[in-house]
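Survey of secondary and tertiary structure
Here's the letter readout for the chains.
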Amino acid sequence: MAKNDKMRKDRIQKKFKEEGGFEIDLDIKIKAIDDEFSEVPPADEMRVPLRQQVGSAGDPIVEEGQQVKYGQKLSEDEDDALTVPVHSPVNGTVKEVMRYENPLSGAPEPTVIIETKDEEREPYYDPMDPDKVSRDEMIERVRETGIVGQGGAVFPTHAKLKDAKDRVSHLIINAKESDPNVACDARLMIEEPEVMVDGIKLMAAMIGADNVIFATRTTEGEMPKLEKILKREGIEIARIRPNYSVGYGRLLVTEVLGKEVPDDKNPTDVGALVQNVLTAYAVSKAIRDGEPLIDRGLTYYSKDVGGKNLWVRQGTPVSKVFEFLGESPGKYERVILGSVMRGTWISDPSIPIIKAHQGIIAYKEEEPHPYEDQTWCIRCGYCNDVCPVDIYPNLIIEAQDIGDTDWLQKLNPGACIDCGLCAYVCPSHINFRPKMKKAKSETSKSKLKQI
Amino acid sequence: MSEDEKKARPYREVDTPHVHIGFDKNELMLKTFLMMLIIAFASVIVMGMPALIHILVALGSVLAVYTTIDSYQRMKGVELTYDSPASPLVAGMIVALCMTVVGPDLGGRAPYTVTALVGVLTMLVFKYGQGRYFRRKYINPAAGAKALVLLVLFGINYLAETFEGLFGGALDGGMIFHSHHSPFELDVLDPNEFVDLLEWGFTTELPVFGTELTATQSLFFWQTHSWIGGAASIVTLIVGAVAVYWLRYKWRIVVSCFVSMLVLSVVIGMILTGDYSIWEMVSMRVAFHVFTGSFIFMVFFMATEPQSTPMPEISQYIFGVALAVLTFAFQLYGIVGGSILALVILNIATPFMDKIVIKKAYGFKGKSAR
Ligand code: SF4
Ligand code: SF4
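It should be emphasised that the depicted structure is a prediction, and the values quoted were computed from it without experimental measurement. (Residues numbered from 1 in each chain as written. Chains lettered and ligands numbered in written order. Predicted model: local features only at pLDDT ≥ 70, side-chain atom pairs only at ≥ 80, totals over all residues. Heavy atoms only, no water.)

Description of the site of ligand 2
Every residue close to ligand 2 is listed here: A:Cys387, A:Pro388, A:Val389, A:Ile391, A:Pro393, A:Cys416, A:Ile417, A:Asp418, A:Cys419, A:Gly420, A:Cys422 and A:Met436. A class-by-class count of the residues in the shell around ligand 2 yields ten nonpolar, one polar and one charged. (Near = heavy atom within 4 Å. Nonpolar A, V, L, I, M, F, W, Y, C, P; charged D, E, K, R; others polar.)

In structure tokens:
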């Protein structure tokens, strides 16, 4: 084992420590960090959803039978600030433009089916010289290349950059990688630190932030190469608590700057822009190489295969990833896309990977299912203790059950960030998600929050 | 889980997170039982056979009701209320440990029939019945059952002395409202009478080396006239503290109740000294009010019962303080062991206490959060 690897292993955090003394095991993450990225080849047929971010889908700008190139735009809607173009992940032919189950919503949404011709990757856009273009041109490139937040929230990056431009003093890079089943951010920090840091500097230049803070749960010496580069570039490293919930953008602002982000405001309103570390990588690739956001790193985990870091193009059916790993989806009862804490459970392996998916995790029937033995609430209060936003999930459910809407309103279910910690610790295995969702819809005026 | 919820499961986002910490209700119950088993063991050493019989009677009566309910539900093919005997076992052990044994010196006889009755009522009415009817327990089952039985016995005792025979002199044998405690004959307020009471009730001899223990010493280590769960109150204190930390009981209740009782006993010890020095009186007051079995066991294992106690942090502190104050007041009025009544009263107030003050959510604190 190389000296650096040994040093990193010795220093690595074994558990996340949550409020109330609860812990999240990081076994999968630790095992997966050492696995080098492998590239999953595209499938013969790619299913590319035209909406892969919060906001709405762009309009399709290709038709059936049309030849498309790798990186060519498939959709566009320049009028909608939260819509970004989606690009072809392969050279090929458009087979169909149809409505297909969207991994974000579970509902049929516009999707382009492409028959793959080859695996070539010729950047579609011209490289940009950041010294010769304006900041607005760079932000427009970020939009044009379809970059969205890579931490799982998929908020359009250009919209956040625009909002933050000349308004914020701090750019906080979220290198926390909170999801316990994901190691792709950490792996990329080991494999591509130069590109990543370049993306960070480009974003700082775009918004004119004086202070750049690299927020990480890692300990000193765990990522020596990256640390050296950050030091060289004068980027401050903030070593934050190893909590799962701290990775949530708003809470990260509090963790790093000690400022609360008011519920009706965005982090930019308190002087900070939070961007994910993988997003920084994508920004550098888009500006320097003309690469649209077509693929992403993700971590696959199953008991049989262990943790694997993969580079997967958007539109690749999950079944192709299984095939690449020599696995069969039929072996598994539950396949989860994204985070094991927040991701969606898919029943059909033809569902495609999109920009939001930082992980795939496959469970067999015999592996424990968290909600099989649901029973009554015993009011132990664990859920209240662990909640990172200081609401009372169990009182919310009680208020909802008895229909006490005034009390429900006071309990503020709208502040819930869907972190899943309440259900994670509940000894009665209560499934909070649908109940909290209902409570939120009953009480809050829905508003899209930037995180 | 309701049928609707079961049907709703295929919905894509319903089941998040997809992992669980791996600590469930049954494990919580079994570990709680294990903790109390240590206390029970210590108590049997101190109190001997009567304590053991009480424990067996309480566990037996609760488990008998549990088995009946379980068999009935299996026969009818309906959803089982209890998927394991863990929770009934805890209830049974609490019933056992909140029963009173009176040392042989005082001529008391342990009322096993009362224990059995409290066990049956705990399981049938206050645990199963309450849960089924309200889908939640508002009153601590063992406390509710014991308070009910004792109130009835109290009435009987005063209405017709003859009924006492029914319980084999049980009412003289050490329950909270038995005749040497009532009608509020014990003057716990007067310092000199308080010391007499202490010496009469608690001075004892260790079975080894014939060591004579003062009342204060025996209240810390060796109570033969007390709730079974507090016979070796130092053991109860240590095991209780470990359980609160390990099993994450509502520690705010324990801390606030314990500290409040400590403060109250120190204050009264300093004010009403009688023929004794402040130090003597304070140590006797602390030993009696804080370390007597009816308080020390109750504060760790009954006042923390999750369903019947408040959720918000401030409310838990209020609950703890109020429990100490009420118990203290009952003790001063001669209702020794009245902690159980105090607990039931506060259990009833819990739904209101839940609404007193809640923390502000993130995003609404209106200040620097850290
Ligand atoms: S953790 Fe579960 S059992 Fe405990 S109070 Fe919350 S909902 Fe109830
Ligand atoms: S999911 Fe919502 S209610 Fe539950 S712990 Fe997270 S923020 Fe709190």
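Now that the structure has been shown, the text picks up again.
With respect to the sheet that holds strand 18 (residues 359-363) of chain A
Residue and element names in this part refer to chain A. Spatially, 3-15-14-18-16-17 is the arrangement adopted by the six strands of the open sheet, whose pairing is mixed. Each having just a single partner strand, strand 3 (38-39) and strand 17 (344-346) make up the two edges of the open sheet. Most of the contacts of helix 5 (residues 184-191) go to strand 14 (residues 295-302), to which it runs at about 125°, and overall it touches strand 14 and strand 15 (306-313). (Pairing = 2+ DSSP bridges. Helix = DSSP H or I, 4+ residues; strand = E, 2+ residues; numbered from the N terminus. Contact = heavy atoms within 4.5 Å. Axes fitted to C-alpha atoms, helices over the stretch in contact; angles between N-to-C directions.)

Concerning the domain arrangement of chain A
Residue and element names in this part refer to chain A. For chain A, the domain assignment lists domain 1 (45-118), domain 2 (127-289) and domain 3 (382-442). With four residues of domain 2 at the contact, the number on the domain 3 side is five residues. In this assembly, domain 2 packs against domain 3 so that about 440 Å² is buried in total across both faces, 74% of it on carbon and sulfur atoms. Linking domain 2 with domain 3 are one residue pair in polar contact (both at pLDDT 80 or more). The residue inventory of the side of domain 2 that touches domain 3, partitioned by class, reads three nonpolar, one polar and no charged. (Domains from an automatic or database assignment. Buried area = accessible area lost by both parts, 1.4 Å probe. Polar contact = N/O pair within 3.5 Å; in protein donor to acceptor, adjacent residues only side chain to side chain.)

What to know about a nonpolar patch on the surface
Residue and element names in this part refer to chain B. There is a patch of nonpolar side chains on the surface, built from Trp251, Val255, Val259, Val263, Val267, Met270, Ile271, Ile278 and Tyr317 and spanning about 800 Å² of accessible area. Looking at the nonpolar patch element by element, the count peaks at seven residues for helix 10 (residues 251-271). You can see Ile278 is positioned in helix 11 (residues 278-291). (Patch = residues over 30% accessible without salt bridge, like charges linked within 9 Å, V, L, I, M, F, W, Y side chains within 5 Å. Areas by Shrake-Rupley, 256 points an atom, 1.4 Å probe, with all protein chains shown as cover. Salt bridge = Lys/Arg side-chain N within 4 Å of Asp/Glu carboxyl O.)

Concerning the pairing of strand 8 (residues 91-101) of chain A
All names here are of chain A. Relative to strand 8, strand 6 (residues 67-68) runs antiparallel, the two being bridged by two bridges. Looking across to strand 8, one finds that Gln67 is bridged to Thr93. By the bridge criterion, ten bridges tie strand 8 to strand 9 (residues 108-118) in an arrangement that is antiparallel. Among the inter-strand pairings, Thr93 is bridged to a residue of strand 9, identified as Glu115. Between strand 8 and strand 9, which pair antiparallel and follow one another directly, the connecting turn spans six residues, one of which, Gly106, has a positive phi of 80°.

Quick look at the sheet that holds strand 10 (residues 170-175) of chain A
Residue and element names in this part refer to chain A. Taken in spatial order, the four strands of this open sheet run 12-11-10-13, and their pairing is parallel. The open sheet has two edge strands with one neighbour each: strand 12 (236-239) and strand 13 (272-276). Strand-to-strand twist in this sheet, taken as the mean axis angle between neighbours without regard to direction, amounts to 25°. Examined bridge by bridge, strand 10 and strand 11 (residues 211-216) share six bridges and lie parallel to one another. The residue of strand 11 that forms the bridge with His170 is Asn211.

A word on the pattern of salt bridges
Residues and elements named next belong to chain A. For the coordinates displayed, the defined rule picks out 48 salt bridges over all chains. Arg241 is the partner of Glu19 in a salt bridge, and the nearest nitrogen-oxygen pair spans 3.5 Å. Note that Glu19 is positioned in the loop between strand 1 (15-17) and strand 2 (23-25) and Arg241 in the loop between strand 12 and helix 8 (249-257), a separation of 222 residues in sequence. Arg241 sits in the partly exposed class, given a relative accessible area of 34%. Here Lys320 ties to Glu323 by a salt bridge, and the two come within 3.4 Å at their closest N and O atoms. One end of the pair, Lys320, and the other, Glu323, are both in helix 10 (residues 318-324), three residues apart, so they sit about a helical turn from each other. Under the relative-accessibility criterion, Lys320 is labelled buried at 15%. Under the relative-accessibility criterion, Glu323 is labelled exposed at 54%. Connected through salt bridges with shared partners, the residues Lys73, Glu76, Glu140, Arg143 and Glu144 form a single ionic network. (Buried < 20%, exposed > 50% of the residue type's maximum accessible area, 1.4 Å probe, protein only.)

Details of the interface of chain A and chain B
Many analyses report the size of an interface as the accessible area lost when the parts associate. Between chain A and chain B, the residue contacts involve 69 residues of the former and 49 residues of the latter. Together, the buried faces of chain A and chain B total about 5500 Å²; carbon and sulfur atoms form 53% of this surface. The three residues of chain A that bury the most area against chain B are A:Glu260, A:Trp376 and A:Arg379, which together make up 15% of that side's buried surface. Between the two partners, chain A and chain B, sit five salt bridges. A salt bridge links A:Asp390 to B:Lys365, with the shortest nitrogen-to-oxygen separation between them at 2.6 Å. Here chain A is connected to chain B by 31 residue pairs in polar contact (both at pLDDT 80 or more). For the side of chain A that touches chain B, the secondary structure elements donating two or more residues are helix 8, strand 16 (334-337), strand 17, helix 11 (382-386), helix 12 (393-402), helix 13 (405-411), helix 14 (421-425) and helix 15 (432-443) of chain A. A per-class count over the side of chain A that touches chain B returns 31 nonpolar, 20 polar and 18 charged.

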